[in-house]
Amino acid sequence: KTKKHNQTQPNIQRPLIVPHRTRVPVMHSSISLIFVLIPVFIAGAQGQYKQRAPLNNRRHESTIRNIIQPRFTRDDPLKSGNHTSNVAVIVSSSRYWFNYRHVTNALSIYQLLKRGGISDDNIILMLADDIPCNMRNPFRGKIFSRGANAGMGDDLMEGVEIDYSGTDVTVDAFLRVLLGRNLPGEGETNGLHRRSLPKMDENTNVMVLLTGHGGDNFFKFQDGEELMSNDIASVFSQMYAMKRYKEILFISDTCQAFTMADEIKVPNVYSVGSSLKDQNSYASHSDPQVGQSVIDRYSKVIKDLVDDAVTMTSTSKTDTMSSSLDSATVAVMEHFNLHDALVRIPMTHGELGANSKVGHTDSLCSRKMNQVPLSDFFAAPLEERERQMKQRQHAASASLWMNESNFTSSEQEFVVEQECVLPEATMNDSPVKEEIRDGMSVFDLKFIAAAIGLVLFMNTVSRKW
């Protein structure tokens, strides 16, 4: 019986059981090696990634890759209009420190225009309050739209020329600029407060930007007076009769912004508003070091979109805070159309808020907005850009014979000191500190501590397992 029973049992080969003490150290060493190498690969990836500037908005990556980058290889690029000059009028009409963001709205667009090659002679910048030199500003003489970063953020005041400030920013001054009407003592006369207004004719493309507080069919100037929608319609009608423009891009970034275009009846005026009737235009984010909201959502999306597109399409390192002509920025503007850059993409990811929609119209225009490149209003004409490039080359060659860098820097420092008394430099602003704050390095203490903690955690888990 025993023999028969043994014959019926299957021949089972039991696996060799290795004592726990002999196999755990091998597993521990392999796991430890893996998790020690992971931080090294991450750090190397970060170093490789930092060679290309980080995007301001990661949501833009897929949009730029799918919409903008394919246009660089197309045979049918956007065709520019036949304009011969560009003029921009930028207005920030709000006073007081808590309206910090309205100044950054204006300066963000101003910096894009400068990178597009439009000179200060053709830009009228009107800022109602001197926010950079406000006594509440912890970083005197500077203003930031992406965070102060202990005073080392992207300063929008670099290379800025303000034409109208303080109590000079009025409805009357704004209308006179568009119509080319100087006060006594301004323009070509030798007055005390001389201002030369840009020349405009039937071949001039004009961009008008209003940012501040507003409502249904009105826009406030310093809480003291209002610009009405019929005022806008009237001045555009006069400009049309006087042949002072070829095309106008009118942008309003305020609450109920698009209502400012309700009365416009003249041709070739592209109107864009950051919000519709009964809608608000919201601030983007606040900075704890500044203590205020630093920019509005609509202006931020436009600036971030162009900067991120330059970062992804440029083959060389580009300074997105440059205040002079930048060929990579112009190339992006030539492949962006007005509808994508100012209307469609800002609303794509819901960044403006659930209750804010961008209003736009091109009903009386000879071209549709999706046929007009952004460069028609944000960049100088080709001839002007070529002239600036030649001047830059001549200046570079002349600098080999004349060392003027010291004189230039001292003059710039003198102007800054005259406009705003800056705090004295401290040891915290050393280049070493700036390099460390610029991003995470392999030797960052927090990074190393996190890596060690991860290895110890995995060792503990594997030991119990």
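Provided above is the structure to which this section pertains.
Since the structure is predicted, the reported quantities are computational estimates derived from the model, not experimental observations.

Colleague: Sorry if this is basic, but what is going on with the overall build of the protein chain here?
Modeller: A count of helices and strands for the protein chain gives 14 helices and 12 strands. Burial status across the protein chain gives 46% buried among its 465 residues. If you take every contact in the protein chain between residues at least 6 apart in sequence, the share linking residues at least 24 apart comes to 73%. Of the roughly 25,600 Å² that the protein chain leaves accessible, carbon and sulfur atoms contribute 54%.

Colleague: Could you clarify how one ought to interpret the sheet that holds strand β5 (residues 214-215) in this entry?
Modeller: Note on sheets: strands pair through backbone hydrogen bonds, and any given pair is parallel or antiparallel. The strand order across the open sheet formed by three strands is β5-β6-β7, and the pairing between neighbours is antiparallel. Across the chains shown, the open sheet's two edge strands, defined by having one partner strand only, are β5 and β7 (225-228). Packed on one face of the sheet, helix α5 (residues 171-179) meets β6 (218-221) and β7 and runs near 35° to β7.

Colleague: For this particular structure, what's the right way to read the side chain of Asn 205?
Modeller: Here Asn 205 shows up in strand β4 (residues 204-211). A distance of 3.1 Å separates a polar atom in the side chain of Asn 205 from the backbone oxygen of Asp 376. The contacts of Asn 205, once residues within four sequence positions are left out, are His 83, Ser 85, Asn 86, Val 87, Lys 246, Glu 247, Asp 376 and Phe 377.

Colleague: Whenever I open this one, the pattern of salt bridges confuses me. Can you help?
Modeller: Any two side chains of opposite charge can pair if their charged atoms end up close together. Using the criterion set out here, one finds 20 salt bridges in the structure. For Asp 172, the salt bridge identified is with Arg 176, shortest N-O distance 2.9 Å. Note that Asp 172 and Arg 176 are positioned in helix α5 at a spacing of four residues, about one turn of the helix. A relative accessible area of 11% places Arg 176 in the buried class. Each of Arg 115, Arg 146, Asp 154, Lys 300, Lys 303, Asp 304 and Asp 307 takes part in salt bridges that share partners, so that together they form one network.

Colleague: Quick question: what am I supposed to make of a nonpolar patch on the surface here?
Modeller: A contiguous nonpolar patch, built from Ile 448, Ile 452 and Leu 456 and spanning about 260 Å² of accessible area, is present on the exposed surface. Tracing the backbone through its elements, the reader meets Ile 452 in helix α14 (residues 445-464).

Colleague: Explanation requested: the nonpolar core in the structure shown.
Modeller: Soluble globular proteins tend to pack their nonpolar side chains together in the buried interior. Core analysis: the biggest nonpolar cluster contains 63 residues, and Ile 90, Met 207, Leu 249, Leu 342 and Phe 378 have the highest contact counts within it. Those residues in contact with Leu 342, other than ones at most four positions away along the chain, are Leu 249, Ile 251, Val 272, Tyr 298, Ile 302, Val 358 and Leu 374. Judged by nonpolar contacts, the second largest core, of 35 residues, contains Ile 124, Phe 174, Phe 258 and Met 260.

Colleague: Looking at this structure, how should I read the packing of aromatic side chains?
Modeller: Within a pair of aromatic rings, the relevant descriptors are the distance that separates the centres and the angle that separates the planes. Counted according to the given criterion, the structure contains eight aromatic pairs. Taken together, a centroid distance of 5.8 Å and an interplanar angle of 25° make the contact between Tyr 96 and Phe 98 stacked. When its relative accessible area of 39% is taken as the criterion, Tyr 96 is described as partly exposed. Ring centres of Phe 219 and Phe 221 lie 5.6 Å apart, and the angle between their planes is 85°; this geometry places the pair in the edge-to-face category. The same class applies to Phe 219 as to Phe 221, namely buried.

Colleague: Before we go on, may I ask you to explain unusual backbone geometry in this structure?
Modeller: Across residues other than glycine, the phi torsion is negative in most instances, and most of the peptide bonds are trans. Not every positive phi belongs to a glycine, and Asn 149 is a case in point at roughly 55°. With respect to the helices and strands, the residue Asn 149 is situated in the loop between β2 (123-127) and β3 (164-165). You can call Asn 149 partly exposed: its relative accessible area is 39%. Positive phi, close to 60°, is recorded for Ala 150, a residue that is not glycine. Ala 150 sits in the partly exposed class, given a relative accessible area of 31%.

Colleague: Honestly, the sheet that holds strand β9 (residues 269-273) in this entry has me stumped. Any pointers?
Modeller: Judged by pairing direction, the sheet is mixed, and its seven strands sit side by side in the order β3-β2-β1-β4-β8-β9-β12 without closing on themselves. The sheet is open, and its two borders are formed by β3 and β12 (359-361), each paired with just one other strand. Direction of pairing for β4 relative to strand β8 (residues 247-253): parallel, over a ladder of seven bridges. Each residue of the ladder has a partner; that of Thr 211, found in β8, is Asp 253.

Rules of the game
- Throughout this description, residue numbers start from 1 for each chain and increase along the sequence as written.
- In view of the model being predicted, local features appear only for residues whose pLDDT reaches at least 70, and side-chain atom pairs are presented and counted only at 80 or more, with totals across whole chains, interfaces and linings using the full set of residues.
- Excluding hydrogens and water, the side-chain figures rest on all heavy atoms present in the structure.
- Starting at the N terminus, helices and strands are each numbered in turn, a helix being any DSSP run of H or I of at least four residues and a strand any DSSP run of E of at least two.
- For every residue, the accessible area (1.4 Å probe, protein chains only) is compared with the maximum for its type, and the residue is labelled buried under 20%, exposed over 50%, or partly exposed between those bounds.
- Residue contacts are counted whenever heavy atoms from the two residues lie within 4.5 Å of one another.
- We get accessible surface area from the Shrake-Rupley algorithm with a probe of 1.4 Å; when it comes to residues, only the shown protein chains can shield them.
- Pairing between strands is defined by DSSP: at least two bridges between them are needed.
- Fitted lines through C-alpha atoms serve as axes, helices being fitted only where they are in contact, and the angles separating the N-to-C directions of these axes extend from 0 to 180 degrees.
- Polar contacts, as counted here, are pairs of nitrogen or oxygen atoms within 3.5 Å of one another; within protein the pair requires one atom able to donate a hydrogen and one able to accept it, and residues that are adjacent in sequence qualify only if both atoms are side-chain atoms.
- The salt bridge criterion pairs a side-chain nitrogen of Lys or Arg with a carboxyl oxygen of Asp or Glu, the two atoms within 4 Å.
- To count toward a patch, a residue needs a relative accessible area over 30% and no salt bridge; like charges are then connected within 9 Å, while nonpolar side chains (Val, Leu, Ile, Met, Phe, Trp, Tyr) are connected within 5 Å.
- Buried Ala, Val, Leu, Ile, Met, Phe, Trp, Tyr and Cys residues that are joined via side-chain atoms within 4.5 Å together make up what is termed a nonpolar core.
- Any pair of Phe, Tyr and Trp rings, taking the six-membered ring for Trp, is counted once the centres come within 6.5 Å. Such a pair is stacked with planes under 30 degrees apart, edge-to-face with planes over 60 apart, and tilted for the rest.

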